[in-house]
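Geometric and topological summary
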Amino acid sequence: LPLAIGTSFPGTICILHVARHGEGDVVMADAMGSSNFGVLVGLGLPWLIAGLIGKPPEFPGSSATLTSQLAFLAASTAIMLVGLVVCRWTLTKRYGILLCAVYVIYAVFCVLYVYIFEPE
């Protein structure tokens, strides 16, 4: 946790500074890029290396959990892109509320999935 905070905090400060100066496109690029990069490289690269050296990639959870999380990441990225196009690449208050709602839905989904729907 301290490592995650230590690496995220400086980026958050920079993004807040950029957002206050009206550069919403940079903020959205960071939001989309950091989450997608983290998932695709953070999971994909170690699994690729493991596969190349002949070791089957392992996931310490169920494959259904990974699949549902990746599906939600893809859906939220699509919602973000469609929202940007509809709002003509401008961060409006309504669009911000939509993005916050998507995040709340995701958080509720994660809690329900882990405690109620998780396959054994």
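Residues numbered from 1 in each chain as written. Predicted model: local features only at pLDDT ≥ 70, side-chain atom pairs only at ≥ 80, totals over all residues. Heavy atoms only, no water.

Focus on the overall build of the protein chain
The condition is simple: In this description a helix means any DSSP run of H or I spanning at least four residues, a strand means any run of E spanning at least two, and both kinds are numbered starting from the N terminus. Three exposure classes are used, based on accessible area relative to the maximum for each residue type with a 1.4 Å probe and protein chains only: buried under 20%, partly exposed in between, and exposed over 50%. In what follows, residue pairs with any heavy atoms lying within 4.5 Å of each other are defined as contacts. Here the open area of atoms and residues is found with the Shrake-Rupley method and a 1.4 Å probe, where only the protein chains shown may cover a residue.
Secondary structure assignment for the protein chain yields four helices and zero strands. Each helix (α) and strand (β) of the protein chain, taken in turn from the N terminus, gives the series α-α-α-α. Of all 120 residues assigned to the protein chain, the portion counted as buried reaches 18%. Across the protein chain, every contact between residues at least 6 apart in sequence was considered, and the portion connecting residues at least 24 apart equals 56%. Put simply, the protein chain shows about 9000 Å² of open surface, and 73% of that area lies on carbon and sulfur atoms.

Here's the deal with the environment of E23
Note on placement: E23 falls in the loop between α1 (2-20) and α2 (24-52). On the accessibility criterion, E23 (37% relative accessible area) is partly exposed. In sequence terms E23 and T90 are 67 residues apart; their C-alpha atoms lie 9.6 Å from each other.

Considering α2
The test is simple: For a helix, the expected span equals 1.5 Å multiplied by the number of residues minus one. For a residue, the bend is simply the angle between two axes, fitted respectively to the seven-residue segment ending there and the seven-residue segment starting there.
Over its 29 residues, α2 runs 40 Å from end to end, which matches the ideal 42 Å to within 8%, given 1.5 Å per residue. At G44, α2 shows its largest bend, some 25°, and a proline, P46, comes one to four positions later. Along α2, the positions that sit buried rather than exposed are G24, V27, M28, M32, N36 and A50. Among the residues trailing α2, G54 stands out with phi positive, at a value near 85°.

Comments concerning the confidence of the model for the protein chain
Definition in use: Per residue, pLDDT measures the predictor's confidence, with a range of 0 to 100.
Looking at the protein chain as a whole, its pLDDT mean stands at 79, while 89% of the residues score no less than 70. Taking the mean pLDDT of every element in the protein chain, the minimum, 75, falls on α1 and the maximum, 85, on helix α4 (residues 93-117).

Some thoughts on the packing of helix α3 (residues 63-86) against α4
Heads up, the condition is: Axis lines are fitted to C-alpha atoms, over the contacting stretch for helices. Their N-to-C directions set the angle, which ranges from 0 to 180 degrees. When an angle is under 35 degrees it counts as roughly parallel; over 145 it counts as roughly antiparallel; between 65 and 115 it counts as roughly perpendicular; any other value is oblique. In this classification, the charged set is Asp, Glu, Lys and Arg, the nonpolar set is Ala, Val, Leu, Ile, Met, Phe, Trp, Tyr, Cys and Pro, and all remaining amino acids, among them Gly, are polar.
Two elements in contact, α3 and α4, have axes separated by 11 Å at closest approach and are oriented at 170°. By the angle between their directions, the pair α3 and α4 is classed as roughly antiparallel. The residues of α4 that touch α3, namely those facing A64, T65, S68, Q69, F72, S76, I79, M80, G83 and L84, are Y95, L98, L99, V102, I105, Y106, F109, C110 and Y113. Class assignment of the residues belonging to the contact of α3 with α4 gives a composition of 14 nonpolar, five polar and no charged.

Here's the deal with the environment of Y113
When you line up the elements, Y113 lands in helix α4. Assessed through its relative accessible area of 10%, Y113 is described here as buried. Between the alpha carbons of Y113 and S68 there is a distance of 9.2 Å; along the sequence they are 45 residues apart.

Details of the layout of surface pockets
Which parts of space are left empty comes out when a probe the size of a water molecule is rolled across the atoms. Selection criterion: As defined here, a cavity is a set of points on a 1 Å grid over the protein atoms alone where a 1.4 Å probe fits but cannot get out. A pocket is an open set with protein on both sides within 12 Å along at least five of seven lines, and residues line them when an atom is within 4 Å of a point. Grid points are joined across faces, edges and corners, and a volume is the space filled by probe spheres set on the points.
What the largest pocket holds in volume is close to 500 Å³. If you go around the largest pocket, you meet 18 residues; those closest to its centre are S35, L73, S76, Y103 and Y106. Elements with a minimum of two residues in the lining of the largest pocket: α2, α3 and α4. At nine residues, α3 tops the list of elements feeding residues into the lining of the largest pocket. Estimates place the volume of the second largest pocket at around 200 Å³. In terms of lining residues, the second largest pocket is bounded by S8, G11, T12, I15, L16, V27, D30, A31 and S34. Among the elements of the structure, α1 and α2 are those that each provide at least two residues to the lining of the second largest pocket. No other element matches the five residues that α1 contributes to the lining of the second largest pocket.

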